[in-house]
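So the chains spell out like this:
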Amino acid sequence: MTPDSSFHLLAVIGAGNMGSGIAQKMATEGFRVLLVDVDDEKAARGRKIIEQTLADGVQRKIFRPDAAGAILSRVMPTSRFEDLGAADLVVEAVFEDFDLKKRVFSRLDEVCKPGAILGTNTSSYSVTELAAATRWPERVIGLHYFYHPAKNRLVEVVGGKASDPAVLRRAWRLQEALGKTPIASSDAYGFIVNRFFLPWLTEAIRILDEGVAGTATIDEAAKKAFGIGMGPFELMNVTGVPIALHAATTLGGAFGPLYAAPALLRSQVESGEPWPIDGTVDTGLFTLIGDRLATAVFYVAAALVDEGVGTIDDTDIGARVGLRWRRGPFELMNAYGLERALDLVQSFTTQWQLPVPRVLEEQARSSRPFTFTVVRTDVANSIATLTINRPDKLNAINGDVIAALEEAFSQAVANPAVTGIVIAGAGKAFIAGADIRFFVKNIESGEIDRIAVFTERAQNLLRSFETCPKPVIARVHGMALGGGVELALACHRIIATPKATFAFPETGIGIYPGLGGTQRTTRRVGKGLAKWLVLTGETISATDAAAIGLIDAVVPYEELDAAIAAAVAAGPVVDREAGRMPASHQAIAEYFDRSDIAALREPGETTHDDPRIAKAATRIGAKAPIAVRIAADLIDQGLDLPLADGLRLELSHLREIFSTKDAYEGLSSLGKKPPVFTGT
Ligand code: COA
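What comes next is a walk through the structure. Owing to the predicted nature of the structure, the values given are computational and were not obtained by experimental measurement. (Residues numbered from 1 in each chain as written. Predicted model: local features only at pLDDT ≥ 70, side-chain atom pairs only at ≥ 80, totals over all residues. Heavy atoms only, no water.)

The full set close to the ligand counts 15 residues, and Lys393, Lys428, Ala432, Ile436 and Arg437 are the nearest of them. A distance of 2.5 Å separates an oxygen atom of the ligand from a polar side-chain atom of Lys428. When the ligand sits alone it has 860 Å² of accessible area, and the protein chains cover 63% of it. Going through the elements one at a time, helix H18 (436–444) and strand E13 (479–481) are the ones with two or more residues in the shell around the ligand. Here the shell around the ligand is built from residues that sort into 10 nonpolar, no polar and five charged. (Near = heavy atom within 4 Å. Polar contact = N/O pair within 3.5 Å; in protein donor to acceptor, adjacent residues only side chain to side chain. Areas by Shrake-Rupley, 256 points an atom, 1.4 Å probe, with all protein chains shown as cover. Helix = DSSP H or I, 4+ residues; strand = E, 2+ residues; numbered from the N terminus. Nonpolar A, V, L, I, M, F, W, Y, C, P; charged D, E, K, R; others polar.)

The next point concerns the sheet that holds strand E4 (residues 89–92). Here eight strands make up an open sheet; going across it, the order is E3-E2-E1-E4-E5-E6-E7-E8 and the pairing mixed. In this open sheet, the two edge strands, each paired with only one partner strand, are strand E3 (75–78) and strand E8 (181–186). The average undirected angle you get between the axes of adjacent strands in this sheet is 25°. In terms of strand pairing, strand E6 (residues 140–145) meets strand E7 (residues 154–159) through five bridges, oriented antiparallel. Counterpart to His144 in the pairing with E7 is Glu156. Contacting strand E2 (32–36) and E3, helix H2 (residues 40–59) crosses the sheet at an angle of about 155° to E3. (Pairing = 2+ DSSP bridges. Axes fitted to C-alpha atoms, helices over the stretch in contact; angles between N-to-C directions. Contact = heavy atoms within 4.5 Å.)

With 91 residues, the main nonpolar core has Val476, Leu487, Phe502, Leu550 and Phe658 as its most contacted residues. One finds Phe196, Ala248, Ala296 and Val309 within the second-largest nonpolar core, a separate group that totals 66 residues. (Core = buried A, V, L, I, M, F, W, Y, C linked by side-chain atoms within 4.5 Å. Buried < 20%, exposed > 50% of the residue type's maximum accessible area, 1.4 Å probe, protein only.)

One way to put it is that helix H12 (residues 286–306) packs onto helix H15 (residues 338–352) with a least axis distance of 9 Å and a crossing angle of 85°. By the angle between their directions, the pair H12 and H15 is classed as roughly perpendicular. Residues Asp291, Thr295, Ala296, Phe298 and Tyr299 of H12 form the contact with H15, whose participating residues are Arg340, Ala341, Leu344, Val345, Phe348 and Thr349. Here the contact of H12 with H15 is composed, by residue class, of seven nonpolar, two polar and two charged. (Parallel < 35°, antiparallel > 145°, perpendicular 65-115°, else oblique.)

These figures capture arrangement, not role.
Here it is in structure tokens:
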């Protein structure tokens, strides 16, 4: 069965770098995919590109050789268009030539089956106009991927005038099943991201052309201002200077001189050379350059939101996920202060004879910064889905998320039209735990109390899920870590896809689970397995999680809605039966069902006859000793208490744990180096 059982076969037309990358991602996520080009040789070349990228991934230990082989075996190169008759979704990724794309779409009309979704990866043409080349424009949509599509998670999902909303929804969900981060754009030239990215490039070229600074200075200034690895000139050299000219020609034609290609860009393309990017760097010009680049982006981002091309949230997510900017345009405007951002934009619009965007003017007048939707609410079929919307931070829970969840949850509870509430995460993860940066910042500033207040508030929210008279379901697709598992455990039911994984990494970063992880886990799987999970940080698959009763069900992505609807119909769970113990986990459960956890750290245990126990002992040996001890005690003591008392007990050690050296060591080392715990 494919990860999404309504999509049996996918296809990509155009086996160049972009097309083969899209096909690679589809195959990586378990789908069979046709890679189509005009002749067998070109199609085979596309497969070769994938093979090389995978080999590179094997060398960098991202894939095991057998996994890379399995991915490649799912890619089927062909030059026979008729093969597309079996495809459920086709992505056109041929060269950016309108007539060529139109010809492809009219061929698709002849060969594709009636329900097939036809997507175009165009970056500069209108989806509506391309759709007009087919007999079924309602099934044509834009799916705009970013280079490299197997690595860059962003995809713009674009509805043309005639696109059927149901088709858009299916395609959106397929992107989620592929682990992508979709954002919704209307069918306007350049969609969301290229619309502001191109003027960012052309403003850099104008700064050069005016003799304000050289390419090296501009690149370095841009890197600093936007928190990126490559400046505009180096980036154009890598992606191809003619591509920038092509985009400027299309967008300039659609939106006027601000977007048009500067003469210098034209002459650079004519020279056939990349931009010369060596030279001395004048740091004294950084602020000026940063402000100019930011101003162009501020104007365009606000204008595109005014026009309804995209939302404030999607514009910022597009910048962060697609371009890897540290901050999106609206967050950056907040950082500038909206009054100052408006000042800069006003001079800019005067210079270009453009209107000042309303969204910026009104927000600046309100004297409040732009706010972001960190929790999205969608109500369908009387079920409210609350989606945590920080995909680029793997939906890590911070104070904003808690506040937004509180509000969205109480609205859903109060809404008589809502019969069930679902908690979900946007993008590839469910929730990667509590926000580590918040912890580190507060330890550094000596404000551990703030961590305690945050944790208590989050615990109260989770308690309100549990005691809610309406059924509350966790919809877990992707990783659930630490606070993510704890949030799910407070829901009445946990329904996951095969891509979900579960783990408690806390003791490995010097702390213990503080959102009920030492209490609710025990009540779900029993003391032995709770200790095994919490103390070792072992990652378990959705299938294993269901087998031990940590979660309620694993269903293919496409069946999630039906499974959730059934869970809502079944109502809230009041009294949960503890642990179904499968034979596979009996030994480990028995082994961990003891209180002398210190003994587990004995050297002898790491060579225990049972390999799973030996592994567990090795893992515990690498954890922070104080965190392990407190977590084990909490599990032991909490089981005999009413849940509410157990939760209070868990809170009572927070200040102690966050004051340890090991907590700071573990939290601040994350992603940088392995922590060295001293037991202090
Ligand atoms: N808190 C804050 N930020 C987090 C986070 C968390 N719990 N988990 C992930 N992120 C952020 C990362 O810092 C990164 O941000 P950046 O792009 O600004 O650097 C972003 O999310 C993407 O994460 P990344 O590490 O690049 O993704 P990955 O798929 O390679 O790795 C993890 C994912 C989960 C292995 C790794 O992010 C991790 O270990 N996170 C912490 C998990 C944890 O310990 N949770 C328990 C907290 S109580």
